[in-house]
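# Observations on the three-dimensional arrangement
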Amino acid sequence: MASNSEGGTRKLAAIMFTDVKDFSKKMGENEGAAMEVLKIHDDAMRDLVARNTGVVIKSLGDSFMVDFSSAVNAVRCAIEAQELFHKHSTGKPEFEKIQIRIGIHLGDVMTIGNDLYGDGVNIAARIEAITEPNRICVSSEIYNQVKNKMPIRAYNMGSIDLKNIAEPVEVFELLLDSIPGLSEPSESAKSRPTRRKADLVAAQEHEEATRVEAAKQKVDDAQERDNAEKMARANEHYAKAEEYFKAGDLTKAEEEIKEIYKVVQIHYEAQMLILQVEEQRAVRDEDDRRRRVKEEKQRKEDERKQRIEKCLDVALGFVEQEQYQEALNALQEVYTLEPNNEQAKRIEKQVQFAEEARLERQRLETLAEDERAKEESLKVERQRAEEVAKVTLEKVAAARKEQQRVPKTKIYIGITAVVLLLLGATATYLLTRVSLRKPGTIAVLPFSAGQADDGYIGEALSAFVADEVAKTPTVLVVDPASAHVFGANTALLQSQASPTGITHALRGSVSVNGTSVTLKAQLFELGDEKALWETTLQGTIPDLNSLAAQTGAALFKFMDIEAAPRTAARRSENAEAFALYLRGFVLSLHPGGTSTQQAIVYLHDALRQDSTLTPAKLTLARVMLNEYQQGKRDEAMLETAFSFVREAVKADPNNASAHATLGQAYRYMQQFDRARNEIAAGLSLQPGNAACNREHALLSLIQGNTDEALQYAELAMKTDPRHYRSYEVKGIIDLFKDQHEDASRQFEQATLLGGPDSLLTVGYKFRLWVSLDQEDRVLDYCQRMMETSDDRTKILLHYWMGRAYSLKGKLNESNASFDQGITLAEQVVLTKDPRDVATLAAYALLQARRAKTPKRAVQAIEQAMALDSAASKLHYWKARVHAIQNDKQGAIAELTKAVSLQYIFTEILDPDFLSVWQEPGFKAAIIRKN
């Protein structure tokens, strides 16, 4: 931009002039209404100019002078103005219509202060003066600039002499196809306006603009006076509001402030005062809230104390009536309200002493009964021996008589034969008894029911019996989950006999009549349909545990096994709640699919009807932990399960399944010492308990003892051979031992038995397939999953496909997969939710593999960790990033942090760690001794 000696600056500008048709006439008819129409015009023009990057230089009356740095913007603004005012005027009376003329010229102008001068300005003003209303006329300089840049048509009006302009100016009238009647040139354009007409129009416009400006000033003065009056009234209200506020009357202060805003829209002091009122009201509200909270807290505390006193009174009443279990239940509610209540502890000790005394009496009575039974048995044996001796003596006497007639040699042979015959019979009898009473592993098959609707009762009872029989260390019992799979399939059971050591099966049937249950049970040796032992017992549905205990005791007596007497779990007084529990319990034996969800529904319903039904809490805890194990990492679910199972262990400390479940919960909570203690307690009660053995195997792995882990895993497979979890645990151990072929077989078997396919595949099988050079299986799985997965899952699938292609040496396909994953992460997910931690972590892995910008991988994973610093999984993934970038020490250091936060087998066994798996520090990093 050039400087001028007169103090201004020169520039090239597109200057636009506008003027409203017949505005002075409207003012003569109704000045006030005309000014309202003009306000609509002025507001619209200023908005259009701003949108097209123009600058209003001046506004005189009903005219505008506008500066544009672009000819295109100037023309576009003019067209939009005519279209807008045409739309506004359509259907309105003549007075309300707004019709403007617009002239535009591109020329050299001088800027002095905030105004423009020069021929460029004068030409634009003269062109506007010869323009018809609703029309746009432009100079040839403007037209030549825009004709190839905008879809416009124009009529050439020719060169026209303009006042005070030395040379004629070629003028074009723009034709507007968007406005009816303006797509053809105006009559004025066709006749080419004369200079005389242009001068006349210019003079009329100037005179009109002057009158309009004076009218506007008059309106402005009136508005200013009105505003001053309003502000005075507003200030009166403000003074009152301030007085009320100082006096503490917030309501009246607010009322006065509302009056202010009825008078004026903006009042700074009132705005500040309302903030102070709101702040003061918030302080008062907070004080009121704290007072209410304090009162509510005191009320709840009083209620809590009253409930505690009531429960203690109830518990003491039960103790006096020697109803010890009911007393403990009452105390449980006290502990819920006040865990360290001293009086409850004293009552509990009193109950424990009384209960121990009762159990001791029972034990002594049982021993006495056993002693009487043994004496009776010895009596029978003595009678048999006497009969045998009598027969023997008779035969010996007969033999002596025969001695006189038979040579001695024959006599001795005869006597020897008789003795051998007797010894053989005795040995056969004794061997038969030993065979019957020393089974290896027993499978308690689901008991059949006479009615299909009673099937769940038979299956639940068989599981309870299995639990009772498993309590003796001399007998191994197949877990009910596997026994359910065997069902009545003798062939399947027989096929498992050799590898698992199953020697006997306990079968039975139940008949239900109302709440009464009759059980007929028989013990068979596999391969022989002849019953070795049988019994018929009766009980009730609410006392199924007692019926199971009786069955176990009868079987122990037959097998000459001494077992300590046990108190059956507390029965529920609510028959419907107990039936719901039984249904949920049976469904929990069939893991996976809809059975799990239906089991949860039944168990919740049971607890809603009887919140003290501890077996339902134990079963629900077990189901919830299995869901947690399968990837549904809901910490609230873990806390609920832990609370339930802790109650179950406290209520029945001799329940091995309860200890196994509590141990599992402790492992998930990273409290490994407590987990080991619970598992040890469970195994002391049931050495063959499959859940305990599986948990012990995993805890041994965490300690770094793979050989010990293998021993416990194999025992779990022996007692629970049809549960996918047995094979999954064995497969994990095989992976730790780098026995990939064995691990592959275990995981395939786990999948066949209903194990979670996604967890097994992504968590463990990927590691196998990569280790066994079976990358095609990775590709096949990922391509199938692509069809049904969401975007976040697809990002990880692209990662694994790229990883598989890379291992196959197909670098182009590998990079393409990584790039697809990166693009999806950036465009589809990260743009929607930049705080998506999981996607950021996956994005880091993709960037680390792509290796274009290694720093971006570290930045992405650190960004994710900044969003969720407590997520242990992110430390595992950062360790993977280091491993991919061959930073082995960084990988091991980060892995050590991850393991200290949470031990996750799927993360430790991720194939990305194969590059550091054999490093000396890796194994040390993943061991948790304490």
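Source: prediction; values computed, not measured. (Residues numbered from 1 in each chain as written. Predicted model: local features only at pLDDT ≥ 70, side-chain atom pairs only at ≥ 80, totals over all residues. Heavy atoms only, no water.)

## Overview of the overall build of the protein chain
Stated precisely, the cut-off is as follows: Only DSSP runs of H or I with at least four residues qualify as helices, and only runs of E with at least two residues qualify as strands; both kinds are numbered from the N terminus onward. Only protein chains enter the area calculation, which uses a 1.4 Å probe; residues under 20% of their type maximum are buried, those over 50% are exposed, and those in between are partly exposed. Every residue pair with non-hydrogen atoms within 4.5 Å of one another is taken to be in contact.
Across its full length, the protein chain holds 36 helices and 15 strands. In the protein chain, which comprises 930 residues, the share counted as buried stands at 46%. Pairs at least 24 apart in sequence give 64% of the contacts found in the protein chain among residues at least 6 apart.

## Quick look at the packing of aromatic side chains
Put simply, the rule is: We call Phe, Tyr and Trp rings a pair once their centres come within 6.5 Å, taking the six-membered ring for Trp, and we label the pair stacked below 30 degrees between planes, edge-to-face above 60, and tilted otherwise. Put simply, a charge is over a ring when the Lys NZ or the Arg CZ is close to the ring centre, within 6 Å, and near the line of the ring normal, within 35 degrees.
Applying the stated criterion to the full structure yields 19 aromatic pairs. On the numbers, 5.2 Å between centres and 40 degrees between planes, the contact of Phe 464 with Phe 585 is tilted. Taken together, the positions of Phe 464 in helix H13 (residues 455-469) and Phe 585 in helix H17 (residues 575-588) put the pair 121 residues apart, joining distant regions of the chain. A residue is classified by how much of its surface remains accessible, and Phe 585, at 10% relative accessible area, is buried. Ring centres 6.4 Å apart and planes at 35 degrees place the aromatic pair Trp 533 and Phe 558 in the tilted group. Of this pair, Trp 533 sits in strand E15 (residues 531-540) while Phe 558 sits in helix H16 (residues 544-558), and the two are 25 residues apart along the sequence. The same class applies to Trp 533 and to Phe 558, which are both buried. Taking NZ or CZ as reference, Arg 583 lies 4.0 Å from the ring centre of Tyr 456, over its face. Across the ring face of Trp 917, the terminal group of Arg 767 is positioned such that the distance to the ring centre comes to 4.3 Å.

## Observations concerning the confidence of the model for the protein chain
What counts is decided by this rule: Looking at any residue, its pLDDT shows the predictor's confidence there, from 0 to 100.
Within the protein chain, residue pLDDT values average 83, and 84% of them lie at 70 or more. Taking the mean pLDDT of every element in the protein chain, the minimum, 43, falls on helix H12 (residues 408-437) and the maximum, 97, on strand E7 (residues 136-139). With pLDDT under 50 throughout, residues 408-437 is counted as low confidence; its partners more than four residues away or in other chains account for 18 contacts.

## Quick notes on the packing of helix H8 (residues 250-263) against helix H9 (residues 268-320)
To be explicit about the condition: Convention adopted: a line fitted to C-alpha atoms gives each axis, helices being fitted over their contacting stretch, and angles between N-to-C directions are expressed from 0 to 180 degrees. Roughly parallel refers to an angle under 35 degrees, roughly antiparallel to one over 145, roughly perpendicular to one between 65 and 115, and oblique to any angle outside these ranges. Whether a crossing is left-handed or right-handed is set by the direction in which the near helix is turned from the far one by less than a right angle, anticlockwise for left-handed and clockwise for right-handed. Amino acids outside the nonpolar list (Ala, Val, Leu, Ile, Met, Phe, Trp, Tyr, Cys, Pro) and the charged list (Asp, Glu, Lys, Arg) are all regarded as polar, and Gly is one of them.
One way to put it is that H8 packs onto H9 with a least axis distance of 10 Å and a crossing angle of 155 degrees. As judged from the angle between their axes, H8 and H9 are roughly antiparallel. Like other packed secondary-structure pairs, H8 and H9 cross with a definite hand, here left-handed. The segment H8 lies against H9, with Leu 250, Thr 251, Ala 253, Glu 254, Ile 257, Ile 260 and Tyr 261 engaging Ala 270, Gln 271, Leu 273, Ile 274, Val 277, Gln 280, Arg 281 and Arg 284. A breakdown of the residues in the contact of H8 with H9 according to their chemical character gives nine nonpolar, three polar and three charged.

## Notes on the packing of helix H21 (residues 656-668) against helix H22 (residues 672-685)
Each pair of packed helices can be described by the angle between their axes along with the distance between the axes. Taken N-terminus to C-terminus, the directions of H21 and H22 make an angle of 165 degrees; their axes are 8 Å apart at the nearest point. Regarding the angle of H21 to H22, the classification is roughly antiparallel. Both H21 and H22 take part in a crossing whose hand is left-handed. Contacts between H21 and H22 pair Ala 656, His 659, Ala 660, Leu 662, Gly 663, Tyr 666 and Arg 667 from the former with Phe 672, Arg 674, Ala 675, Glu 678, Ile 679, Ala 681, Gly 682 and Leu 685 from the latter. Taken together, the residues of the contact of H21 with H22 break down into nine nonpolar, three polar and three charged.

## Observations concerning the environment of Pro 834
Positionally, Pro 834 belongs in the loop between helix H30 (811-830) and helix H31 (837-850). With a relative accessible area of 47%, Pro 834 lands in the partly exposed category. Apart from residues no more than four positions distant in its own chain, Pro 834 is found in contact with Leu 840, Gln 863 and Leu 867.

## Considering the nonpolar core
The criterion, for reference: The criterion is simple. A nonpolar core is a set of buried Ala, Val, Leu, Ile, Met, Phe, Trp, Tyr and Cys residues joined through side-chain atoms within 4.5 Å.
Among the nonpolar cores identified, the biggest contains 151 residues, and Tyr 581 and Phe 736 are the most heavily contacted of them. The contact partners of Phe 736, leaving out residues within four places of it in the chain, are Leu 701, Thr 706, Tyr 903, Phe 905, Ile 908, Leu 909, Trp 917 and Ile 926. Membership of the second largest hydrophobic core comes to 43 residues, among which are Met 35, Ile 98, Ile 152 and Leu 174.

## Examining the pattern of salt bridges
Put simply, the rule reads: Criterion for a salt bridge: a side-chain nitrogen of Lys or Arg within 4 Å of a carboxyl oxygen of Asp or Glu.
Under the defined criterion, the tally for this structure stands at 43 salt bridges. Note that Arg 135 is salt-bridged to Glu 173, the shortest N-O span being 3.5 Å. Note that Arg 135 is positioned in the loop between helix H4 (119-129) and E7 and Glu 173 in strand E9 (residues 169-175), a separation of 38 residues in sequence. A salt bridge links Asp 734 to Lys 730, with the shortest nitrogen-to-oxygen separation between them at 3.0 Å. One end of the pair, Asp 734, and the other, Lys 730, are both in helix H25 (residues 724-736), four residues apart, so they sit about a helical turn from each other. You'll find Asp 734 and Lys 730 in the same group, each marked buried. One salt-bridge network, held together by shared partners, links Arg 803, Arg 849, Arg 880, Asp 910 and Asp 912.

## Some remarks on the pairing of strand E5 (residues 100-112)
Heads up, the condition is: A pair of strands counts as paired when DSSP detects no fewer than two bridges linking them.
Of all 13 residues making up E5, ten are buried, and the element is well covered by its neighbours. As paired strands, strand E2 (residues 9-20) and E5 are joined by twelve bridges and run antiparallel to one another. What sits directly across from Thr 9, in E5, is Thr 111. Pairing geometry for E5 and E7, over three bridges, is parallel. If you follow Ile 104 over to E7, its bridge partner there is Val 138.

## Topic: unusual backbone geometry
Not every positive phi belongs to a glycine, and Thr 53 is a case in point at roughly 60 degrees. Looking at the secondary structure, you find Thr 53 in the loop between helix H2 (31-51) and strand E3 (55-60). You can call Thr 53 exposed: its relative accessible area is 51%.

## Focus on helix H27 (residues 757-771)
Since there are 3.6 residues in each turn of an α-helix, residues three or four apart along the chain are aligned in direction. Our working definition: Consider a residue and the seven residues that end there alongside the seven that start there; fitting an axis to each set, the bend is the angle between those axes.
Along its length, H27 shows its largest kink, about 50 degrees, at Lys 765. Burial within H27 is extensive, with eleven of its 15 residues counted as buried. Each element contacted by the buried residues of H27 is listed here: helix H19 (614-629), H25, helix H26 (740-752), helix H28 (775-786), helix H29 (791-807) and helix H35 (905-908). At the C-terminal side of H27, Asp 773 shows a positive phi close to 55 degrees.

## Considering the side chain of Gln 99
Take Gln 99: it is sitting in the loop between helix H3 (71-89) and E5. Leaving out residues up to four positions away in the same chain, Gln 99 has contacts with Asp 19, Val 20, Lys 21, Glu 94, Pro 133 and Asn 134.

## Section: the environment of Pro 446
You can see Pro 446 is positioned in the loop between strand E10 (441-444) and strand E11 (448-449). Classification of Pro 446 by relative accessible area gives partly exposed; the value is 25%. Between the alpha carbons of Pro 446 and Arg 507 there is a distance of 7.2 Å; along the sequence they are 61 residues apart.

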